Number of protein chains: 2
Amino acid sequence: MTTPLEYVRAHRDAHLEELKELLRIPSISAQPDHKGDVRAAAEWMLAALATAGMENGRLIETDGGNPLVYADWLHSGDDKPTVLIYGHYDVQPPEPLDLWESPPFEPTTRDDGYLYARGSSDDKGQVFIHVKAVEAYMKTDGRLPLNIKFIVEGEEEVGGGSLAAFIKSNASEQIKADVVLVSDTAMLTPTQPAIVYGLRGMSYMLIDVTGPARDLHSGGYGGAIDNPLNVLSHIIAQLKDMDGVVQIPGFYDNVRNLSEDERVMLGKRPFDEAAVLDDTGAPQLWGEPAFTPAERIGARPTLDVHGIIGGYTGEGAKTVLPSTVHAKISMRLVPDQSPEEINKKFIDFVQSITPPTVTVNVRAEHGAAASITDWTVPAMQAASAAYVKTFGNEPILVRMGGSIPVVGQFQSEMGMESVLMGFGLPTDHIHSPNERFYVDNFYLGIETAVHFLQLY
Amino acid sequence: MTTPLEYVRAHRDAHLEELKELLRIPSISAQPDHKGDVRAAAEWMLAALATAGMENGRLIETDGGNPLVYADWLHSGDDKPTVLIYGHYDVQPPEPLDLWESPPFEPTTRDDGYLYARGSSDDKGQVFIHVKAVEAYMKTDGRLPLNIKFIVEGEEEVGGGSLAAFIKSNASEQIKADVVLVSDTAMLTPTQPAIVYGLRGMSYMLIDVTGPARDLHSGGYGGAIDNPLNVLSHIIAQLKDMDGVVQIPGFYDNVRNLSEDERVMLGKRPFDEAAVLDDTGAPQLWGEPAFTPAERIGARPTLDVHGIIGGYTGEGAKTVLPSTVHAKISMRLVPDQSPEEINKKFIDFVQSITPPTVTVNVRAEHGAAASITDWTVPAMQAASAAYVKTFGNEPILVRMGGSIPVVGQFQSEMGMESVLMGFGLPTDHIHSPNERFYVDNFYLGIETAVHFLQLY
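Residues numbered from 1 in each chain as written. Chains lettered and ligands numbered in written order. Predicted model: local features only at pLDDT ≥ 70, side-chain atom pairs only at ≥ 80, totals over all residues.

The subject of this paragraph is the interface of chain A and chain B. At the interface, 85 residues of chain A touch 86 residues of chain B. Of all the elements in the fold, those that place two or more residues in the side of chain A that touches chain B are strand 10 (216-217), helix 6 (218-221), helix 7 (228-239), helix 10 (293-298), strand 11 (302-311), strand 12 (320-321), strand 13 (324-333) and strand 14 (359-368) of chain A. Of the residues forming the side of chain A that touches chain B, the biggest block, nine residues, is contributed by strand 11 of chain A. Partitioning the side of chain A that touches chain B into residue classes produces 34 nonpolar, 37 polar and 14 charged. (Contact = placed C-beta atoms within 7 Å. Helix = DSSP H or I, 4+ residues; strand = E, 2+ residues; numbered from the N terminus. Nonpolar A, V, L, I, M, F, W, Y, C, P; charged D, E, K, R; others polar.)

Here we come to the environment of Glu173(B). All names here are of chain B. Along the polypeptide, Glu173 turns up in the loop between helix 5 (161-168) and strand 7 (179-182). Residue class for Glu173 comes out exposed when judged on the 8 C-beta atoms lying within 10 Å of it. Taking C-alpha positions, Glu173 is 8.8 Å from Met414, a pair spaced 241 residues apart along the chain. (Buried ≥ 20, exposed ≤ 12 C-beta atoms within 10 Å, placed from the backbone.)

What follows concerns unusual backbone geometry. All names here are of chain A. For the bond from Glu95 to Pro96, the omega torsion is 0 degrees, close enough to zero to count as cis. Along the chain, Pro96 turns up in the loop between strand 3 (82-88) and strand 4 (108-109). Located in the positive-phi region is Asn434, a residue other than glycine, with phi close to 65 degrees. Within the element layout of this structure, Asn434 appears in the loop between strand 17 (418-421) and strand 18 (436-438).

Our focus in this paragraph is the relation of the copies chain A and chain B. With an RMSD of 0.1 Å, the fit of chain A onto chain B corresponds to turning through 180 degrees and sliding 0.1 Å along the axis. As the rotation angle and translation indicate, the two copies are arranged about a two-fold axis. (Least-squares fit on C-alpha atoms with pLDDT ≥ 70 in both.)

Here we come to the packing of helix 2 (residues 12-23) of chain B against helix 4 (residues 124-140) of chain B. Residue and element names in this part refer to chain B. Packing of helix 2 against helix 4 leaves a shortest axis separation of 10 Å and a crossing angle of 135 degrees. The orientation of helix 2 relative to helix 4 falls into the category oblique. Pair helix 2 / helix 4 crosses with right-handed handedness. Every residue of helix 4 that contacts helix 2 at His15, Leu19, Leu22 and Leu23 is listed here: Lys124, Gly125, Phe128 and Lys132. (Axes fitted to C-alpha atoms, helices over the stretch in contact; angles between N-to-C directions. Parallel < 35°, antiparallel > 145°, perpendicular 65-115°, else oblique. Left-handed = near helix turned anticlockwise from the far one by under 90°.)

So, on to the domain arrangement of chain A. Residue and element names in this part refer to chain A. Each assigned domain of chain A is listed with its residue range as follows: domain 1 (4-199 + 370-455), domain 2 (201-255 + 301-367) and domain 3 (256-294). Computed over C-alpha atoms only, the centres of domain 1 and domain 2 are separated by 35 Å. Opposite the six residues of domain 1 that make contact, domain 2 presents eight residues. Here the residues of the side of domain 1 that touches domain 2 are counted per class, giving two nonpolar, four polar and no charged. (Domains from an automatic or database assignment.)

To continue, consider the sheet that holds strand 18 (residues 436-438) of chain B. All names here are of chain B. Pairing in this open sheet of three strands is antiparallel, and the strands run 4-5-18 from one edge to the other. Looking at strand neighbours, the two that pair on one side only are strand 4 (108-109) and strand 18, the edges of this open sheet. In the packing of helix 14 (residues 439-455) onto the sheet, the strands contacted are strand 4, strand 5 (114-116) and strand 18, and the crossing angle to strand 18 comes to about 60 degrees. (Pairing = 2+ DSSP bridges.)

Residue and element names in this part refer to chain A. If you walk across this open sheet you meet the three strands as 4-5-18, and the pairing is antiparallel. Each of the sheet's edge strands pairs with one partner strand only, and the pair in question is strand 4 and strand 18. Strands in contact with helix 14 (residues 439-455) are strand 4, strand 5 (114-116) and strand 18; relative to strand 18, the strand with the most contacts, it is inclined by about 60 degrees.

A few words now on the pairing of strand 6 (residues 147-153) of chain B. Residue and element names in this part refer to chain B. When you tally the buried positions in strand 6, you get six out of seven residues, the bulk of the element. In this structure, strand 2 (residues 68-73) lies alongside strand 6, joined through five bridges in antiparallel fashion. Note that in strand 6 the partner of Ala71 across the bridge is Phe150. The pairing of strand 3 (residues 82-88) with strand 6 spans seven bridges and is classified as parallel. Within strand 6, the position partnered with Thr82 by the bridge is Asn147.

The next subject is the packing of helix 4 of chain B against helix 14 of chain B. All names here are of chain B. Where helix 4 meets helix 14, the axes come as close as 8 Å, and the angle between the chain directions of the two elements is 55 degrees. Here helix 4 lies oblique to helix 14, going by the angle between them. Remark: the crossing between helix 4 and helix 14 carries right-handed chirality. On helix 14, the residues that touch Gly125, Ile129, His130, Lys132, Ala133, Ala136 and Tyr137 of helix 4 are Phe442, Gly445, Ile446, Ala449, Val450 and Leu453. By residue class, the composition of the contact of helix 4 with helix 14 is nine nonpolar, three polar and one charged.

Encoded structure:
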């Protein structure tokens, strides 16, 4: 009789081809003209769960948003735990397109052992690991060793509003579980697993600065009417100093200090500065002088400008004082900063430093609280053991710089801890051109998930 | 027998229709895909000069640039002065197109008495005034009261490189004259003429700031790798303080101080703050506290950002640390700052304040020296008297904030003073959407030019 492990090893090629089908769907949630593709990805995921043997599959429609994909298998009895597997089927915009070496929605495996496509690592490839792990049990044992629910959303890259509303509603009872299992993070190297126990939150802000009602000729008015691009630069320069210390009054008030124990634990994470510089092409590392790079990324809040556009940006020279200019800025938050508190401090500060020569419109685009998971719960121990069986190495516990807002919502609204069992790599270029997923770890990820279901 | 004045009054409608033909040609010199339109405008101008009775008309080809249009009439003898009439047939880009109330290249007269089109005031409408003035003499008297040369260029809006090279070459002998007559400036009100005796120069700079070699996810790297948009904002904020005082070391070293006499003369210019605010929509005036608005615009150097683009500027939220970001910045110069000196100080300063966490590429796009014309020369007196005959008011002498680089080049390379006899208005929206030209002053401009040719 075939075991689940034998099953997944025998079906590696088929599983990779199935993943490529999903990656061909450009389910870009930030771009309204891809609404139909986003829905197609949801329907694809629903069908894949049915093929895997999951039951009660359905799309949960949301209020104007993208559907949630639900399915379950709940026949192991009340004495067995119930695991909610969470993932997302939407992806980041692929722009700038000209920097992709192969098209973002034509999945391509290369000799380097990676599969290249938008969404390959974030998160289609990772959530699909769990679909194949449950399928392995159902196609061999005909049953699972515990109870499973899946919830796969389509708005993770645009703030996750629909799932957040669902979690707050009474309907959330149907996804209640003992623990949430999330694969949307990275290992440290191809052979060194990591379990993320801390995630940063986010305040995403939009600023518009308006001076004159129309673009003016800088010869006729320059020096006597203020320029919104100069003002915007002054505003941004006052938000964070050149060492990376945010200057918004009260910004650090609610930052939980790192204990010495936690700093020691975080210090166990190897940080290969040369490799990071080589991979990113950045001239050097940088950041708050009092903290290590790992702490700056995982345990400290920060502020980054993601986009500025204003004035004449076409070819050649044009001499305008622009009318209205725009910036997108986010702050990554850590416990116990709340997005509501930080939004207000940001808005108040920007308004206080805006001169009367322009008007400013500043508003929050979306936000998410930071979260920390208790790293002593049984599911964490099971995850750790599952990694050891597959990769031979104990996972290192890390705080991650990114945001997975739903983890905080599961914790605060439903009392569910999440286990962040990631199979990506820091060099996967998520949110960038040439996103990729290491194919060996797609296969080993399925094996690790098979072990986890047995060990928990 | 018809006089030149009677001729122009009898042909007003025809002259306006002819101008509209020229305005329909989108001769945008900054945009390479309009190269053919730029040439079409040159050929149109050449034909119009022939119709007006000018001789020796030809396109002077330039080295990869746009042709210079030349024509003359030199039969008044050596005892009569020779006037070189200068103008340009190229126009600014029309973007942003959605703000135009009628299409930029479909000239439209409205009930407010203005003709709306890109180039209507800057400079097609103004240079065409002189074509019609000489035509009035040729079609009535059959001769001009003095000798005339025309030189009309097609690169004024992109730095004027070809004409500058021509002026420096031996070939410039063919455009030698006693004085240059330029109509590319504005009156103060529809009835108050102005003669510009000072023009600002320009250093136009491009800055690229590069951090990582590709866009990075701000969750994975934010706080530990520096962000080129934050750095660019810091650089720009350090160039000029919020009062408008440029912070580049040595920037003001060669600024010629205003004499008390000149400040008094400049003070005669009425400055209607409420009208400026109403027209521009700016919340309030602004600028160096020690100088009046007229001085800030005409007699003080300044620095303005004309465009910034970087990161994600599309719909929705994206959380990138961008790789390379761009800014276009110009400084308006006054005597005796030179563009070469200021370019070097700008580049040195930007490099000195750029942190080692990014690389910066900073370079001059083009430059022009400021200029001051001697306001006691006979041509100036003739221009003044011509305005009085037509508008009933003495022109006010002003320093203008814009740059007409060729005026400085005529002065320094060929020893020719320029008379800047403008017929535009400050509210013509040049370089902006809805550029326009006051039709009555198009007609009166032709009459003023007719008087000038007689009086000089």
